[in-house]
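# Reading the structure
Residues per chain, in single letters:
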Amino acid sequence: LGAVLALRRLANPGVAAFLNDAEPHVVLEAARAIHDVPIPAAMPSLAKLANKPGQSDPLIRRVMNANFRTGQLPVMIPLFGNSGPLREVAAKLAARYEIKVAEPLLVEISTDATRTSPERVAALRALATLKSPKLGSLVETSLTDIDPNLRSEARRLLITIYPAKAISSLAETITSDSVPEQQ
């Protein structure tokens, strides 16, 4: 760990060698050095960790950013398999950077009732940003989902996709029992 800290202080790209250490805290500290200093020459090594399973959230966030900094966006797709908050961030980043190869994963997340509400909403929004051809059917399906946040987002998107259908859906919502949805 001392060597990692010394290399960090020197902004030495040799710190990348510690990304393969057996100790997770040493790997995280090496990633922090490469990402936070930053050390551009070592950034591609950090980006390559995207396919390595079982990483901590702080490490994955730095790996995701390293992929953006190095222009290796499609390599990020495995990051959708990690924790809920990271899937949500990955969905937002896929939309922001128009990563169309993420569309099948976004469809899967938006329709999976076991995922968290923020993940599903972010995935649906990302699909709208990417102008997915599946958006219309996903929005209609989401209107009947048990998640009120997803239903609200689906209604918002419905207005832009099918304005006529949106009027009847909004009229039904006004008479519903869900105050957040009425708002």
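Everything in this summary refers to the structure shown in the same document. As the structure is a prediction and not an experimental result, all values here were calculated from the model.

### A few points about unusual backbone geometry
Residues V37 and P38 are joined by a peptide bond in cis, for which omega reads -20°. On the secondary structure map, P38 appears in the loop between α2 (24-36) and α3 (43-47). Here A11, not a glycine, exhibits a phi torsion of approximately 55°, which is positive. Along the chain, the position of A11 falls in the loop between α1 (2-10) and α2. Residue A11 is classed as partly exposed on the basis of its relative accessible area of 37%. We note that K131 has phi near 55°; this positive angle belongs to a residue other than glycine. Topologically, K131 is positioned in the loop between α7 (117-129) and α8 (135-142). The class for K131 is exposed, based on a relative accessible area of 69%.

### Here's the deal with the packing of helix α4 (residues 57-70) against helix α5 (residues 84-96)
One can describe the packing of α4 onto α5 by two numbers: an axis separation of 11 Å at closest approach and a directional angle of 10°. Relative to α5, α4 is oriented roughly parallel. Considering only the axes of α4 and α5, their crossing is right-handed. For the pair α4 and α5, the contacting residues are D57, I60, R61, M64 and F68 in the first and L86, V89, A90 and L93 in the second. Of the residues assigned to the contact of α4 with α5, the class counts are 7 nonpolar, no polar and 2 charged.

### Some points on the packing of α2 against α4
At a closest axis distance of 10 Å, the pairing of α2 and α4 adopts a crossing angle of 35°. Classified by chirality, the crossing of α4 by α2 is left-handed. Here α2 contributes V27, L28, A31, R32, H35 and D36 to the contact with α4, which in turn contributes P58, L59, R62, N65 and R69. For the contact of α2 with α4, the residue count by class is 5 nonpolar, 2 polar and 4 charged.

Criteria and thresholds
Residues numbered from 1 in each chain as written. Predicted model: local features only at pLDDT ≥ 70, side-chain atom pairs only at ≥ 80, totals over all residues. Heavy atoms only, no water. Helix = DSSP H or I, 4+ residues; strand = E, 2+ residues; numbered from the N terminus. Buried < 20%, exposed > 50% of the residue type's maximum accessible area, 1.4 Å probe, protein only. Axes fitted to C-alpha atoms, helices over the stretch in contact; angles between N-to-C directions. Parallel < 35°, antiparallel > 145°, perpendicular 65-115°, else oblique. Left-handed = near helix turned anticlockwise from the far one by under 90°. Contact = heavy atoms within 4.5 Å. Nonpolar A, V, L, I, M, F, W, Y, C, P; charged D, E, K, R; others polar.

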